[in-house]
Every structure is written in structure tokens, then in C-alpha cells.
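This is what each chain is made of:
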Amino acid sequence: MKRMLSGIKPTGQLTLGNYIGALRNFVNYQDDYEMYVFIANLHCVTVYQEPADLKKNLRDAVALYLAAGLDPEKSTIFLQSDVMEQAQLGWLLACNSYMGELNRMTQFKDHVAKGETNLTAGLYVYPCLMAADILAYNADYVPVGVDQKQHVELTRDIAIRFNNKYGDTFTVPEPLTQKVGAKIMSLSDPSKKMSKSDLTNKGCIYLLDEPKAAMKKIMSAKTDSLANVAYDKENQPGLANLIEIACALTGEPIEEFTNRFKGCGYGDLKKEVAADVGNFLTDLQERYDGIVRSDLLRDTLENGRQKAEPIARKTLHKVQRKIGVEIFR
Ligand code: TYM
């Protein structure tokens, strides 16, 4: 069975974009792959987080993983910082990465372009830690949304370079993105990704949003004035985004959905998308409520750590031997 690994960084509440672009795929893949899914809490702190908020967001993220259908019997679910070997490997990979390649990472460049000051060194070397997350487990595939593809490409470059320099060590992973929903856009500005850092609170749906409030966000989503229902990402990005959201949640093919609404007003289409989102959130939150305060969270993370740690440790020791930093092992 091929191995798959991915993670989400709960710097805030998880979003519908996280679900559609990542989480739902983890759930779909868990029967056919050896699945490792973690909470990227060390990545969270590359930007300051209020400690109490962070703690809540981490707990919520585990509960949402489970509520979304990740099954601890099938998938190994763990907290990144519980496997210290990952961070240790991150350092060794940072010593095998170049500033030139880190400078090219669009996510880092976006922070710089926004004129943010006091960017942390952690934010800069973050892709090396992400490479370690993946390479520690010799993952074959990494399911991600489009925005994380570049980091997985860098991981491949680092792995190939390391293998060439020190001999075959790492599996070279492949990113996996979906045709539909790999980049869910902001509802208020469909030229931008739906993101946790949306300050307007209108463009982003959070998985723990009150379903009615989320439905309102859909109803007031920005579309266009063409008055023609079509799936055209380039010329009608707002509408295309709503169609993707609905189809990702219900599984209906895009063409079928679009044909059903041919000749209808945007209001009718929005009403259906809003209902799909409302139903989805209601079901998800019902399951979340039953899980979030249960022992299942602790047990899941502890079992996950026990399964993940030996694998990462083995890889780390192998890397240390290859590099020459070990004496007696
Ligand atoms: P993060 O936390 O930003 O996002 C988690 C996953 O959700 C996807 N995603 C989206 N997909 C579609 N539309 C959107 N609007 C949207 N927003 C987010 C992301 O592409 C991602 O798949 N660095 C990673 C976390 C990470 C990781 C890893 C992932 C750390 N180590 C190792 C895979 C493997 C991150 O910040 O994702």
C-alpha cells in the first residue's frame, strides 16, 4: 500500500477551503492508502498566536478531522510537535536547502509584499520543516490544495538533492491536487484564495460558523453582471467558485449542476449552494459537538504519536548516519 501524508496548520479556525481542498480528500483516500495526517502546530507559531486561542484551535482541528470522517483505526492522526524527530530532521534539511530557493516561495513572498515587518526566521525556513514532515515518513503522495504545491515541489528538490549527495535515502513524494476545489476562492473577492486571515469575515466560511451565517455569506457572494449561468473560471470566477463549492460538497458533476441552472437567475443558484453549505455544516458540527470534549481526542493523538514516532526516528537516524553527525549509532 502506498503511503500518503498531509497536514493542516490551524492558525485560526479551519475553513471550508481547508475542507474542500484537503480534509475531504484525506477522508476519501484513507481506505486505499496508508494515511498519515497531522496537525501542523509547529507551523502555526511561525506567526504569533494567542496561546489560549491556539490551544482551542488545535483541539477543534482534531475534533474536526474526526467529525469530517477521518477514522483513527484507518489513519494515523497526530500532533506535529509530539514527534520531535520531525523538527530535528527539519534542521538537517534546512542545512541542505538554499536561501535562493526559499526566497522563491510565493507564500513567503506574499508576506513580504504585504509590507509585514518583523517576519520570523521560522516563517522563512518553514518549507524545510514541511519537507521534513513529508520525508520523515517517506510519503509517496501528499494531497494538498494548489497553494501548497510549490512547497511539495521544493520537498522533491530537497529529497532528490539529498539522495544524489548522500545516496538513496528519501522517497521522492508527489503532490496530489483535485480537479474540483483545489483552490476555493474568497466569496467577497474571487481573485483571492479563501483564507483564514480574511479580515472582513465575509469572504471566508469557517467550519464552525453558524450554518445560517455561512448561508448568508454565500447569498452575498460576489458574482458578475453577465446574467448567464456558466462555469467559466476566467470570466466568471465568483460564480465558478460557488459551483465548485456545491459540487465538491455534493459530488454532483460540474456540467450537470451548470446545466440544471441554465437560464436561471444567480439568486436561485446561490440559494441551492447556500443550502448545500448549510446542510454540510449542520451535519459536521453535530458530529463535532459529540467529539470535542470526549476522550477520543487524547486517545487519537496518543495512538497516532505511537505509530508515527518510530517511523520518523528511523528516518532521522538514517539521515544522521549518512550526514556523519552520529558517532556510535
Ligand atoms: P494550510 O494550513 O494553509 O492549508 C491546509 C490544506 O488546505 C488547503 N487549502 C485550500 N484548498 C483549497 N482552497 C483553499 N482556499 C484552501 N486553503 C487551504 C491547503 O492547500 C492545504 O492542503 N504548510 C501547510 C501545512 C503543512 C503540510 C505539511 C501539508 C505543514 N507540513 C506537510 C502537507 C504536508 C499549510 O500551511 O497548509
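Residues numbered from 1 in each chain as written. Predicted model: local features only at pLDDT ≥ 70, side-chain atom pairs only at ≥ 80, totals over all residues. Heavy atoms only, no water.

**Points about the pairing of strand S1 (residues 3-8)**
- Counting buried positions over the six residues of S1 gives five, a clear majority of the element.
- By the bridge criterion, six bridges tie S1 to strand S2 (residues 34-39) in an arrangement that is parallel. When the bridges of S2 are listed, Met4 appears paired with Met35.
- For the crossover that starts at S1, traverses helix H1 (residues 16-29) and ends in the parallel S2, the hand is right-handed. (Buried < 20%, exposed > 50% of the residue type's maximum accessible area, 1.4 Å probe, protein only. Helix = DSSP H or I, 4+ residues; strand = E, 2+ residues; numbered from the N terminus. Pairing = 2+ DSSP bridges. Right-handed = clockwise from strand over helix to strand, strands pointing away.)

**Remarks on the layout of surface pockets**
- Size it by volume and the second largest pocket reaches roughly 340 Å³.
- Around the second largest pocket, the lining residues are Lys55, Leu58, Arg59, Val62, Leu79, Asp82, Ser294, Asp295, Leu297, Arg298, Leu301 and Glu302. (1 Å grid on protein atoms, 1.4 Å probe; cavity = no way out; pocket = protein on both sides within 12 Å on 5 of 7 lines; lining within 4 Å. Points joined across faces, edges and corners; volume = space filled by probe spheres on them.)

**With respect to the site of the ligand**
- Around the ligand, a shell composed of 28 residues is seen, among which Lys9, Tyr126, Asp133, Asp147 and Ile184 lie nearest.
- With respect to the ligand, the side chain of Asn18 contributes an N or O atom lying 3.1 Å from an oxygen atom.
- Relative to its unbound accessible surface of 710 Å², the ligand loses 98% to contact with the protein.
- At the level of secondary structure, the elements contributing two or more residues to the shell around the ligand comprise S1, H1 and helix H7 (121-135).
- Looking at the shell around the ligand residue by residue, the classes come out as 13 nonpolar, nine polar and six charged. (Near = heavy atom within 4 Å. Polar contact = N/O pair within 3.5 Å; in protein donor to acceptor, adjacent residues only side chain to side chain. Areas by Shrake-Rupley, 256 points an atom, 1.4 Å probe, with all protein chains shown as cover. Nonpolar A, V, L, I, M, F, W, Y, C, P; charged D, E, K, R; others polar.)

**Quick notes on the side chain of Gln49**
- When you line up the elements, Gln49 lands in the loop between helix H2 (41-44) and helix H3 (51-67).
- The exposure class assigned to Gln49 is buried, which follows from its relative accessible area of 14%.
- Among the polar contacts made by the side chain of Gln49, one reaches the main-chain carbonyl oxygen of Val47 at a distance of 3.1 Å.

**Section: helix H9 (residues 211-219)**
- Taken as a whole, H9 has its buried residues at Pro211, Ala214, Lys217 and Ile218. The arc that holds every buried residue of H9, seen down its axis, measures 115°, which confines them to one face. Away from its buried face, by an angle of more than 90 degrees, H9 presents the exposed residues Lys212 and Lys216.
- Of the surrounding secondary structure, the elements contacted by the buried residues of H9 are helix H10 (237-250) and helix H12 (266-291). (Arc of directions from axis to C-beta. Contact = heavy atoms within 4.5 Å.)

**A few points about helix H4 (residues 84-94)**
- Those residues of H4 lying buried are Glu85, Gln86, Leu89, Gly90, Leu92 and Leu93. The arc enclosing the buried residues of H4, seen along the axis, measures out at 165°, which places them on a common side. Residues Met84 and Trp91 are exposed on H4 and point more than 90 degrees away from its buried face.
- The inward-facing, buried residues of H4 abut S2, strand S3 (75-79), H7, helix H8 (149-166) and helix H13 (296-323).

**Notes on the state of the cysteines**
- Counted by the stated rule, this structure contains zero disulfides.
- Cys204 supplies the cysteine sulfur nearest to Cys44, a cysteine that is in no disulfide, at a spacing of 15 Å. (Disulfide = S-S within 2.5 Å.)

**Considerations on unusual backbone geometry**
- Even without glycine at this site, Asn118 takes up a positive phi of about 55°.
- With respect to the secondary-structure elements, Asn118 resides in the loop between helix H6 (106-113) and H7.

**Re the packing of aromatic side chains**
- For the structure shown, the criterion picks out 10 aromatic pairs.
- Ring pairs connect the aromatic residues Tyr36, Phe38, Phe78 and Tyr137, which therefore count as one cluster. (Phe/Tyr/Trp six-rings, centres within 6.5 Å; stacked < 30°, edge-to-face > 60°.)

**As for the nonpolar core**
- With 65 residues, the main nonpolar core has Leu16, Tyr65, Leu207, Ile245, Leu269, Val273 and Val277 as its most contacted residues.
- Per element, the largest residue contribution to this core is 10 residues, and it comes from H12.
- Here this core gathers at least three residues from each of two domains, domain 1 (3-182 + 295-323) and domain 2 (211-289).
- Apart from the residues within four sequence positions on either side, Leu16 is in contact with Met194, Ile205, Leu207, Ile245, Leu249, Val277 and Phe280.
- Grouped together as the second largest cluster of nonpolar side chains are 37 residues, Leu5, Tyr36, Met130 and Ile158 included. (Core = buried A, V, L, I, M, F, W, Y, C linked by side-chain atoms within 4.5 Å. Domains from an automatic or database assignment.)

**Some points on the domain arrangement of the protein chain**
- When the domains of the protein chain are assigned, the result is domain 1 (3-182 + 295-323) and domain 2 (211-289).
- Computed over C-alpha atoms only, the centres of domain 1 and domain 2 are separated by 30 Å.
- Of the residues lining the interface, 13 residues belong to domain 1; the matching set on domain 2 comes to 10 residues.
- Buried area between domain 1 and domain 2, summed over both chains or domains, comes out near 990 Å², and the portion from carbon and sulfur atoms is 75%.
- Interface area lost by domain 1 to domain 2 is led by Leu16, Ala67 and Val180, which between them contribute 44%.
- On inspection of domain 1 and its partner domain 2, the count reaches zero salt bridges.
- Connecting domain 1 to domain 2 are three residue pairs in polar contact (both at pLDDT 80 or more).
- When residues of the side of domain 1 that touches domain 2 are traced back to their parent elements, those giving at least two are H1 and H3. (Buried area = accessible area lost by both parts, 1.4 Å probe. Salt bridge = Lys/Arg side-chain N within 4 Å of Asp/Glu carboxyl O.)

**A few points about the pattern of salt bridges**
- Across all of its chains, the model carries 14 salt bridges by this definition.
- A salt bridge links Glu309 to Arg313, with the nearest nitrogen and oxygen atoms 3.7 Å apart. Pair noted here: Glu309 and Arg313 are both in helix H13, with a separation of four residues, about one helical turn.
- Relative accessible area serves as the criterion here: at 15%, Glu309 is assigned to the buried category.
- By sharing partners, the salt bridges in this structure join Glu85, Glu302, Arg305, Glu309 and Arg313 into a single network.

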